[in-house]
Amino acid sequence: MATLVCRVQFLDDTDPFNSTSFPEPSRPPQYSFREEIPLINQIAGVHRLLKAPHKVETDHVSPDRLGQTVKA
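Bear in mind that the values here come from a model prediction, so they are computed numbers and not experimental data.

Participant: Help me out: how do you make sense of the overall build of the protein chain in this one?
Facilitator: Along the backbone of the protein chain there are 1 helix and 4 strands. Overall, the protein chain shows an N-to-C arrangement of helices and strands of β-β-α-β-β. Contacts in the protein chain between residues at least 24 apart in sequence constitute 40% of all its contacts with a sequence separation of at least 6. Entry remark: accessible area of the protein chain is about 6,200 Å², with carbon and sulfur atoms responsible for 54%.

In structure tokens form, the structure reads like this:
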């Protein structure tokens, strides 16, 4: 069971000219990502840890017409 421990934080970009509504932590907390669990299943845990004000949204990944993967 391998883990990757890193510091995580969010960027509140809902209003780029207002940095006081949700100040980012001065020292981001650590989160241990587990290798055997898909990353998409671990995002909710990171979101809870950060107490981020945004809803969790996932990017949709789909192949383009040349067979390469692109974000939609």
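Participant: Could you clarify how one ought to interpret a nonpolar patch on the surface in this entry?
Facilitator: On the surface, a cluster of nonpolar side chains totalling about 340 Å² of accessible area is made up of Leu39, Ile40, Ile43 and Val56. Among the structural elements, Val56 can be located in the loop between α1 (39-50) and β3 (61-63).

Participant: Can you help me understand the environment of Ile43 in this one?
Facilitator: On the secondary structure map, Ile43 appears in helix α1. Since its relative accessible area comes to 32%, Ile43 is described here as partly exposed. A C-alpha to C-alpha distance of 8.0 Å links Ile43 and Val56, two positions 13 residues apart in sequence.

Participant: How do you make sense of the environment of Glu36 when you look at a structure like this?
Facilitator: Within the secondary structure, Glu36 sits in the loop between β2 (30-34) and α1. In this structure the C-alpha to C-alpha distance between Glu36 and Ala2, which are 34 residues apart in sequence, comes to 7.5 Å. In this structure Glu36 touches Met1 and Ala2, once residues within four positions along its chain are discounted. Here the side chain of Glu36 touches Arg34 through a polar contact of 2.8 Å, side chain to side chain.

Participant: For this particular structure, what's the right way to read the nonpolar core?
Facilitator: Here is a general trend for soluble globular proteins: nonpolar side chains tend to be buried in one another's company. Within the largest apolar cluster, 7 residues are counted, these being Val8, Phe10, Tyr31, Phe33, Val46, Leu50 and Ala52. Within the residue set of this core, elements represented by two or more residues are β2 and α1.

Procedures and definitions
- Residues numbered from 1 in each chain as written.
- Predicted model: local features only at pLDDT ≥ 70, side-chain atom pairs only at ≥ 80, totals over all residues.
- Heavy atoms only, no water.
- Helix = DSSP H or I, 4+ residues; strand = E, 2+ residues; numbered from the N terminus.
- Contact = heavy atoms within 4.5 Å.
- Areas by Shrake-Rupley, 256 points an atom, 1.4 Å probe, with all protein chains shown as cover.
- Patch = residues over 30% accessible without salt bridge, like charges linked within 9 Å, V, L, I, M, F, W, Y side chains within 5 Å.
- Salt bridge = Lys/Arg side-chain N within 4 Å of Asp/Glu carboxyl O.
- Buried < 20%, exposed > 50% of the residue type's maximum accessible area, 1.4 Å probe, protein only.
- Polar contact = N/O pair within 3.5 Å; in protein donor to acceptor, adjacent residues only side chain to side chain.
- Core = buried A, V, L, I, M, F, W, Y, C linked by side-chain atoms within 4.5 Å.

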